[in-house]
Each structure stands twice: as structure tokens, then as C-alpha cells.
Amino acid sequence: IEVAQPWTRATPPGAGAGGGFVTLTNHGDGDDMLLGATSPLTERVEIHIMEMDGDVMRMAPLPGGIEIPAGGSVTLAPGGLHLMLMELGSPIVEGEPVPVTLEFQHAEPMEIELQVLPVGASPDGDHHEGSHGDASH
């Protein structure tokens with residue numbers, strides 16, 4: 001499993017949770033799954049999915065994990081699948097990377113660091129969100 005562009009956003013003081021985003025590519029011959037993650041910042045990291053409930057977009061924990069097909073990749077991004085660092089004891093601070101351990105069904109656990117961007121920012125070269133002036137989402 002290859003990890004690309006792991007990042008999160010700084011959280012304002014008092015925020016109870018932060019999102020974690022990453023692209024995972026499976027270079028193996030068999031399917032794998034991201035089952036969950038852990039971080040020293042919090043006792044609970046959940047995989048969440050954004051889903052429409054009527055006209056309301058809700059975040060819901062994703063049971064079972066995220067499938068990463070052989071030869072395929074999965075992007076965890078704002079507005080889609082993402083990690084949620086729940087019940088933060090302290091804010092996520094810009095410039096202080098957040099260590100996270102990803103847990104897979106088959107692959108070995110992988111320690112990554114989420115780069116912390118300013119509140120509301122996206123990584124450079126992010127082609128999923130459209131132009132940075134786009135206020136439609």
C-alpha cells in the first residue's frame with residue numbers, strides 16, 4: 001500500500017474533532033481494506049463517509065472499512081471518505097504534523113504523518129476541489 005499526500009486541517013480551539021485525508025494506492029495483487037487508524041492525539045479515530053440524507057449531508061461512521069482494490073487507489077478527501085480524529089484533547093496546530101497509524105486487513109500497519117494545513121485550506125495541486133475560488137461546495 002502506498003500513501004500519498006496525507007494531510008489534515010488545523011482545528012480551531014474547542015473543536016472536538018479533526019479530519020484526516022490521504023490517498024492510498026494498492027500496488028499488490030490482492031484487494032486490501034483500510035480497517036481503521038489510531039493516533040496518539042486521541043483514543044478514537046473513525047472512518048467516516050459523507051452521505052446525503054434527503055437534502056442534508058451527514059457524516060456517518062463507515063462500518064467494515066474502505067476497500068482498496070488491487071491496482072487501484074482510494075482518496076480520502078473533504079466531502080467524501082475521510083478519517084475523523086474524534087474527541088480531540090488538544091487542537092490540531094498548523095505546522096505540527098499529526099502521527100497516525102493506518103491499520104489494514106492484509107498490509108502491515110503503516111505509520112504516517114498528516115501535514116497540518118491552515119483552517120479551510122487544501123493541499124497544493126489538489127485537483128478534486130476545483131479552483132480555489134470555487135465557493136460552491
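The structure displayed is predicted, hence computed values, not measured ones.

A. View of the pairing of strand 3 (residues 32–38). The pairing of strand 3 with strand 6 (residues 66–68) spans three bridges and is antiparallel. By the bridge assignment for strand 6, Asp32 is matched with Ile68. Pairing analysis gives four bridges linking strand 3 to strand 9 (residues 98–104), with the strands arranged antiparallel. Looking across to strand 9, one finds that Thr38 is bridged to Thr101.

B. Molecular detail of the nonpolar core. Within the largest apolar cluster, 23 residues are counted, with the highest numbers of intra-cluster contacts made by Leu34, Leu83, Val100 and Leu102. Of all the elements in the fold, those that place two or more residues in this core are strand 2 (18–25), strand 3, strand 4 (44–53), strand 6, strand 7 (73–76), strand 8 (82–86), strand 9 and strand 10 (110–117). Here Leu102 is in contact with Val3, Leu24, Leu34, Gly36, Ala37, Leu83, Pro109, Met110 and Ile112, once residues within four sequence places are set aside.

C. Representation of unusual backbone geometry. In this model, Gln5 sits at a positive phi of 50°, which is unusual for a non-glycine residue. Within the secondary structure, Gln5 is located in strand 1 (residues 2–9). With a relative accessible area of 41%, Gln5 lands in the partly exposed category. A positive phi is found at Glu87, a non-glycine position, where the angle reads about 50°. As for its position among the elements, Glu87 is in the loop between strand 8 and strand 9.

D. Summary view of the environment of Glu113. In this fold, Glu113 is placed in strand 10. Exposure remark for Glu113: the relative accessible area of 44% places this residue in the partly exposed category. The residues contacting Glu113, other than those within four sequence positions of it, are Pro6, Pro97, Val98 and Pro99.

E. Here's a closer look at the side chain of Thr25. Within the element layout of this structure, Thr25 appears in strand 2. Thr25 has contacts with Ile1, Glu2, Gly72 and Ser73, leaving out every residue within four places of it along the chain.

F. Quick peek at the pattern of salt bridges. Tallying each qualifying case throughout the model produces three salt bridges. As a salt-bridge pair, Arg44 and Glu46 come within 2.6 Å of each other at their nearest N and O atoms. A relative accessible area of 33% means that Arg44 is categorised as partly exposed. Accessibility expressed as a relative area gives 19% for Glu46, which makes it buried. With a closest N to O distance of 2.1 Å, Glu87 and Arg44 form a salt bridge. With Glu87 in the loop between strand 8 and strand 9 and Arg44 in strand 4, the pair connects residues that are 43 residues apart, well separated along the chain.

Parameters at a glance
Residues numbered from 1 in each chain as written. Predicted model: local features only at pLDDT ≥ 70, side-chain atom pairs only at ≥ 80, totals over all residues. Heavy atoms only, no water. Pairing = 2+ DSSP bridges. Helix = DSSP H or I, 4+ residues; strand = E, 2+ residues; numbered from the N terminus. Core = buried A, V, L, I, M, F, W, Y, C linked by side-chain atoms within 4.5 Å. Buried < 20%, exposed > 50% of the residue type's maximum accessible area, 1.4 Å probe, protein only. Contact = heavy atoms within 4.5 Å. Salt bridge = Lys/Arg side-chain N within 4 Å of Asp/Glu carboxyl O.

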